[in-house]
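Chain by chain, the residues:
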Amino acid sequence: MEWTPIRQRRSVVAVMLAGGLAVSGCGQGLLGGGDDEDKGNILIGMDIPLSGDSAEIGPYMKNGAQLAIDEINSKGGVLGGRKLELRAEDDACDPKTAVAAANKLVSAGVKVSVSGYCSGATLPTLPVFDRAKIPMIIPVANSAELAAQRLKHVFMINGTGDQQAAAAVKWLTKDGATKVAVMHDNTSYSKDIADRTAAELDKPGAPDKTANEAITPKETDFSAAVTSVLKGKPDYIYFTGYYSEGGLLVRQFKQAGYKGKFLVGDGAVADKFAQIAGGKNAEGVYATMTPTPTTLQGAEGWIAAYKSKFGADPGPYSTQAFDGIRLAAEAITKAGSTDSDKIVKALEGMNGFKLFSGPLKFTPQHTIVGGFEIQVVKNGTFVLQEKLP
């Protein structure tokens, strides 16, 4: 059937250098710049978290990608009958692991990479794929640092950090917040959104900002940060990091007697968030998020197809991965080739290709104008609260 549907700054510079050196040592035959000598399957790479603190997300993305590939192949594939084949590697949301995974994909001969969840792990892989002349479609990671690299082969199809920050302040203002504490985990993605939100809160008419507090990821005791933030007496706390730390923060703020509201960023949207926060603690927590399968109008057929194939409900970012594969296939088709330059030109020329988030058109920075919505935890699951213009 045809679908027409309605995210560690530490050591990043060193890892990027290491990644660039690793790729530059590859033979020219592994570069993605030219057409295949044979007419076999076309490899599509995925560098995603299949282990570590964000391991819940990786399988959703892998399954979404595989669903798209199966659909495309069932219709005859691309370029006159060539089949697509998925090659997924685990980046564990860790920069060094991500670079190693990206180099494996380059060595395997992937023609397009649909990769990236944690921005801090995705960032050092950009030069790996770019130097190998492999077009890279980033379905989830959205730190402004990614677009700031301005690399020819890199394209982002999720809303960016500035867009998410604007959505957060719009919701905070509408929901009557008067004093907002912003918190992040110092990763590229999280700090970017927090800093941009803090800047938005400094503008006239916005709620007052009481803090822009950092925590250390992978720690479990945030009592010092909780105490510091509560001194400002906020009535709203916006945490822009991932679900493991986000769930713990909500629990520890509740235990410290906090009675105000919580808003979290899209990296915290996962079923495990409520489990980590602990039952009732998560109820009523809001999130800035791009659409998920259950909040999309007209996605019932897609959800049924996913459940039929994988025996489980689709989760966050499965649709973005699905769209990333479809976009890669469309670009290859329009290019009439697996030649890198031709695929990049086809991606830059996309105008109206239908994604779940709406018609696609890239900006000159290879980003999109992405829409965010507000979700809320009800009965342990994030559901739609309100669409934002």
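As a convention, each chain's residues are numbered from 1 in the sequence order in which they are written. For a predicted model such as this one, the threshold for reporting local features is a pLDDT of at least 70, and the threshold for listing and counting side-chain atom pairs is 80 or more; totals across whole chains, interfaces and linings nevertheless cover every residue. To obtain the side-chain values, all non-hydrogen atoms of the structure were used and water was disregarded.

1. Regarding the pairing of strand S7 (residues 208-214)
Consecutive side chains of a regular strand alternate in pointing toward one face of the sheet and then the other. For two strands to count as paired, DSSP must find a minimum of two bridges between them. In this text, helices come from DSSP runs of H or I with a minimum length of four residues, and strands from runs of E with a minimum of two, each type numbered from the N-terminal end. Judged from the six bridges that link them, strand S6 (residues 179-184) and S7 form a sheet pairing that is parallel. If you follow Ala181 over to S7, its bridge partner there is Ala211. Whether a crossover is right-handed comes down to one check: with the strands pointing away from the viewer, does the path from the first strand over the helix to the second run clockwise; if it does, it is right-handed. Each parallel crossover has a hand, and for S6 linked through helix H8 (residues 188-201) to S7 it is right-handed.

2. Some details on the side chain of Asn142
Tracing the sequence through the fold places Asn142 in the loop between strand S4 (136-138) and helix H6 (144-148). Burial classes: relative accessible area under 20% of the type maximum marks a residue as buried, over 50% as exposed, and values in between as partly exposed (1.4 Å probe, protein chains only). Under the relative-accessibility criterion, Asn142 is labelled buried at 0%. Within 3.5 Å is the distance limit for a polar contact, defined as a pair of N or O atoms, with the added protein rule that one can donate a hydrogen and the other accept it, and that residues adjacent in sequence qualify only through two side-chain atoms. Of the polar contacts made by the side chain of Asn142, one reaches the backbone oxygen of Gly159; its length is 2.9 Å.

3. Examining helix H10 (residues 243-255)
Multiply 1.5 Å by the residue count of a helix minus one, and that product is the helix's expected span. When the terminal C-alpha atoms of H10 are compared, their 18 Å separation across 13 residues agrees well with the 18 Å that a helix rising 1.5 Å per residue should span. Of all 13 residues making up H10, 10 are buried, and the element is well covered by its neighbours. Note on contacts: a residue pair is in contact if any heavy atoms of the two residues lie within 4.5 Å. The inward-facing, buried residues of H10 contact helix H2 (57-74), S6, helix H9 (223-230), strand S8 (236-239), strand S9 (261-264) and helix H11 (271-277). Immediately downstream of H10, the backbone of Gly257 shows phi near 95°, a positive value.

4. Describing the sheet that holds strand S5 (residues 154-156)
Reading across from one edge, S2-S1-S3-S4-S5 is the order of the five strands in this open sheet, with parallel pairing throughout. Edge positions in the open sheet fall to strand S2 (84-90) and S5, since each of these has one partner strand only. Strand-to-strand twist of the sheet, defined as the mean angle between neighbouring strand axes without regard to direction, takes the value 25°. Here strand S1 (residues 42-48) pairs with S2 via seven bridges, running parallel. Of the residues in S2, the one forming a bridge with Gly45 is Arg87. Packing against the sheet, helix H13 (residues 318-335) makes contact with S1, S2, strand S3 (112-114) and S4, and its axis sits at approximately 160° to S3. Here, axes are lines fitted to C-alpha atoms. For helices the fit covers the stretch in contact, and angles between N-to-C directions go from 0 to 180 degrees.

5. Concerning the packing of aromatic side chains
By convention here, two paired aromatic rings are described through the distance between centres and the angle between planes. Each Phe, Tyr or Trp ring (for Trp, its six-membered ring) is paired with any other whose centre lies within 6.5 Å, and the angle between the two planes then decides the class: stacked below 30 degrees, edge-to-face above 60, tilted in between. Inspection of the entire model under this criterion finds 14 aromatic pairs. Judged by centre distance (5.5 Å) and plane angle (80°), the ring pair of Trp302 and Phe322 falls under edge-to-face. Of this pair, Trp302 sits in helix H12 (residues 300-310) while Phe322 sits in helix H13, and the two are 20 residues apart along the sequence. A relative accessible area of 0% means that Trp302 is categorised as buried. In this structure Phe322 comes out as buried when scored by relative accessible area, which is 0%. Here the aromatic residues Trp302, Tyr306, Phe310, Phe322 and Phe356 are joined through ring pairs into a cluster of three or more.

6. Some remarks on the packing of helix H7 (residues 161-174) against H8
The contact between H7 and H8 brings their axes to 8 Å, and the two run at 50°. By the criterion of interaxial angle, the relationship of H7 to H8 is oblique. Both H7 and H8 take part in a crossing whose hand is right-handed. Where H7 abuts H8, its residues Gly161, Asp162, Gln164, Ala165 and Val169 lie against Tyr189, Asp192, Ile193, Arg196, Thr197, Glu200 and Leu201. Oblique is the label for any angle not under 35 degrees, not over 145, and not in the 65 to 115 range, which are roughly parallel, roughly antiparallel and roughly perpendicular in turn. The crossing is said to be left-handed when, going from far helix to near helix, the turn is anticlockwise and less than a right angle, and right-handed when the turn is clockwise.

7. Structural notes on the state of the cysteines
Cysteine sulfur atoms are paired as a disulfide whenever they fall within 2.5 Å. In total, this model carries one disulfide according to the counting rule given. One disulfide bridge connects Cys93 with Cys118, the sulfur atoms lying 1.9 Å from each other. Its S-S torsion of approximately 80° makes the covalent link between Cys93 and Cys118 right-handed. One end of the pair, Cys93, is in the loop between S2 and helix H3 (95-108); the other, Cys118, is in the loop between S3 and helix H4 (119-122), and 25 residues separate them in sequence. Taken as a pair, Cys93 and Cys118 share a single burial class, namely buried.

8. Focus: the environment of Gln149
Turning to its location among the elements, Gln149 is positioned in the loop between H6 and S5. Sequence-wise, Gln149 and Gln297 are 148 residues apart; in three dimensions their C-alpha atoms are separated by 35 Å.

9. Examining the pairing of strand S12 (residues 358-361)
Summarising the sheet, strand S11 (residues 351-355) and S12 pair through four bridges and their orientation is antiparallel. Along S12, the bridge assignment pairs Asn351 with Lys361. Between S11 and S12, which follow one another and run antiparallel, lie two residues.

10. A look at the sheet that holds strand S13 (residues 373-378)
Spatial strand order, S7-S6-S8-S9-S10-S13-S14: seven strands in an open sheet with mixed pairing. The open sheet terminates on both sides in strands that have one partner only, identified here as S7 and strand S14 (381-387). Neighbour-to-neighbour, the strand axes of the sheet open up by a mean angle of 25°, direction not taken into account. In the sheet, S9 pairs with strand S10 (residues 286-289) via two bridges, with the strands oriented parallel. Residue pairing for S10: Leu263 is matched across the bridge by Tyr286. Sheet strands touched by H8: S6, S7 and S8. Its angle to S6, the strand with the most contacts, is close to 160°.

11. Some words on the confidence of the model for the chain
A residue's pLDDT is the predictor's confidence in that residue, given on a scale from 0 to 100. The share of residues in the chain with pLDDT of 70 or more is 90%, and the mean pLDDT across the chain is 90. Contacts of residues 1-34 to residues separated by more than four positions or lying in other chains number 85 contacts, the stretch itself having pLDDT below 50.

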